Amino acid sequence: MLTLSKEGGARSALPFSVTGGLAGIGFAALILLSNAVLVPAGLPAPGAADAEALDFYGSPPAALSVVLALGPLTWVLSTVFAAAALAALWGGGPRGGSGWALVGFAGVLLQNGTFLAVTALRFALADGGVGTPGLWAFQDALFLLNGTFLALALTGFSLGGLRAGLIGRGLGRLGLVAAALHAASATLTPLIRDGDGPLGLLGLTGWLLWTGWLIGYGLALVRRPGDVGARS
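In this report, we go over the structure that sits alongside the text.

So, how was this worked out
Residues numbered from 1 in each chain as written. Predicted model: local features only at pLDDT ≥ 70, side-chain atom pairs only at ≥ 80, totals over all residues. Heavy atoms only, no water. Axes fitted to C-alpha atoms, helices over the stretch in contact; angles between N-to-C directions. Helix = DSSP H or I, 4+ residues; strand = E, 2+ residues; numbered from the N terminus. Parallel < 35°, antiparallel > 145°, perpendicular 65-115°, else oblique. Left-handed = near helix turned anticlockwise from the far one by under 90°. Contact = heavy atoms within 4.5 Å. Nonpolar A, V, L, I, M, F, W, Y, C, P; charged D, E, K, R; others polar. Core = buried A, V, L, I, M, F, W, Y, C linked by side-chain atoms within 4.5 Å. Buried < 20%, exposed > 50% of the residue type's maximum accessible area, 1.4 Å probe, protein only. Polar contact = N/O pair within 3.5 Å; in protein donor to acceptor, adjacent residues only side chain to side chain. 1 Å grid on protein atoms, 1.4 Å probe; cavity = no way out; pocket = protein on both sides within 12 Å on 5 of 7 lines; lining within 4 Å. Points joined across faces, edges and corners; volume = space filled by probe spheres on them. Patch = residues over 30% accessible without salt bridge, like charges linked within 9 Å, V, L, I, M, F, W, Y side chains within 5 Å. Areas by Shrake-Rupley, 256 points an atom, 1.4 Å probe, with all protein chains shown as cover. Salt bridge = Lys/Arg side-chain N within 4 Å of Asp/Glu carboxyl O. Phe/Tyr/Trp six-rings, centres within 6.5 Å; stacked < 30°, edge-to-face > 60°. Arc of directions from axis to C-beta.

## Here's the deal with the packing of helix α1 (residues 16-38) against helix α4 (residues 71-89)
Here's step 1: α4 packs onto α1 with a crossing angle of 140 degrees between their chain directions and a minimal axis gap of 7 Å. Accordingly, the angle class assigned to the pair α1 and α4 is oblique. As for the relative orientation of α1 and α4, their crossing is left-handed in sense. Counted together, Phe-16, Ser-17, Thr-19, Gly-20, Ala-23, Gly-24, Gly-26, Phe-27 and Leu-30 of α1 and Leu-73, Thr-74, Leu-77, Ser-78, Val-80, Phe-81, Ala-83 and Ala-84 of α4 form the full contact between these two elements.
Here's step 2: When grouped by side-chain class, the residues that make up the contact of α1 with α4 number ten nonpolar, seven polar and no charged.

Put into structure tokens, the structure is as follows:
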């Protein structure tokens, strides 16, 4: 909420760290809700056969359009969260966390851009493009490779948060484990795409840890002292 200062300018009634923390929690809630709706509806998992993708996108459920339409909101929330984390870590405390915070911020922006492309491809698949050779494989590979940027976001903000004293060791370790799983999943993209083995669980486990990390990090920003972090 914006209020007017005595000087006549607009300022936020909440510290930006609180706004960003709530945005991070909202982002996690939206992506959890989206998957809770689409997975039971038959959304193909990474590495699924073309026939499975054809079954789903050939007659897409009505919920798919709603979830895809929420994409812009999720990107806004994730960007506000990342900006608040960067602002809170800038200077980084006695051990310095600014450099890692920049890595985390870059990771969030890159994953937003990648998932924008994934969402656009899903629109195309649902609009009759599922029969186009290679379109499903392209979307699937892009989705898996996005783990690279999630790993950057998790690593940067986890190490930056630990060095600056924003988060505790438990949340930091959670973030680094999730980052390792996402990095491994992205690296093994060709194998995951070609097989039905357990390798796909790497990305799924990393994603679940990522959402838990987002909620924990968001709470850390909300609880941050009001005199730390930027105000808007």
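Read on, since the account is not over.
## Some remarks on the nonpolar core
Here's step 1: By size, the foremost hydrophobic cluster in this structure holds 33 residues, and its most contacted members are Phe-157, Trp-210, Trp-213, Leu-214, Tyr-217 and Leu-221.
Here's step 2: Elements supplying a minimum of two residues to this core: α1, α4, α5 (98-126), α7 (147-164), α8 (169-187) and α10 (200-222).
Here's step 3: Looking at this core, the element that brings in the most residues is α4, giving eight residues.
Here's step 4: The residues contacting Trp-210, other than those within four sequence positions of it, are Phe-27, Ile-31, Leu-150, Ala-153, Leu-154, Ala-178 and His-182.
Here's step 5: Within the second largest apolar cluster, 16 residues are counted, among which are Leu-38, Phe-56, Tyr-57 and Leu-135.

## A few points about the environment of Ala-49
Here's step 1: Structurally, the position occupied by Ala-49 is in the loop between α1 and α2 (50-58).
Here's step 2: Ala-49 gets classed as partly exposed once you look at its relative accessible area, which sits at 46%.
Here's step 3: Remark: the alpha-carbon pair of Ala-49 and Arg-193, spanning 144 residues in sequence, is separated by 8.7 Å.

## Let's talk about the side chain of Thr-74
Here's step 1: Examined against the element boundaries, Thr-74 turns out to sit in helix α4.
Here's step 2: Classification of Thr-74 as buried rests on a relative accessible area of 9%.
Here's step 3: One polar contact links the side chain of Thr-74 to the main-chain carbonyl oxygen of Gly-71, over a distance of 2.6 Å.
Here's step 4: Once residues within four sequence positions are removed from consideration, Thr-74 is found in contact with Phe-27 and Leu-30.

## Focus: the layout of surface pockets
Here's step 1: In this structure, the largest pocket encloses a volume near 1,100 Å³.
Here's step 2: Lining the largest pocket are 47 residues, and of these Asn-35, Pro-46, Arg-122, Phe-143 and Trp-207 lie nearest its centre.
Here's step 3: Among the elements that take part in the lining of the largest pocket, α1 stands out by supplying seven residues, more than any other.

## Regarding the environment of Leu-110
Here's step 1: Tracing the backbone shows Leu-110 in helix α5.
Here's step 2: On a C-alpha basis, the gap between Leu-110 and Asn-146 in space is 8.4 Å, while along the polypeptide they are 36 residues apart.

## Examining a nonpolar patch on the surface
Here's step 1: Residues Leu-32, Ile-215 and Leu-219 make up a contiguous nonpolar surface patch of roughly 200 Å² in combined accessible area.
Here's step 2: Looking at the element boundaries, Leu-32 is found in helix α1.

## Focus on the packing of aromatic side chains
The description of two aromatic rings rests on the distance between their centres and on the angle between their planes.
Here's step 1: In total, this model carries ten aromatic pairs according to the counting rule given.
Here's step 2: Judged by centre distance (6.2 Å) and plane angle (45 degrees), the ring pair of Tyr-57 and Trp-136 falls under tilted. Taken together, the residues span a long stretch of sequence, with Tyr-57 in helix α2 and Trp-136 in helix α6 (residues 135-145) at a distance of 79 residues.
Here's step 3: The exposure class of Trp-136 is buried, given its relative accessible area of 5%.
Here's step 4: Through pairs of rings, three or more aromatic residues link up here, namely Phe-27, Phe-81, Phe-157, Trp-210, Trp-213 and Tyr-217.

## Digging into helix α3 (residues 62-69)
Here's step 1: All of the buried residues in α3 are Leu-64, Val-67 and Leu-68. Viewed along the axis of α3, the buried residues span an arc of 100 degrees, placing them on a single side of the element. Projecting away from the buried face of α3 at angles above 90 degrees are the exposed residues Ala-62, Val-66 and Ala-69.
Here's step 2: Where α3 is buried, its residues contact α1, α2, α4 and α5.

Everything listed here is a matter of geometry and, on its own, says nothing about what the molecule does.
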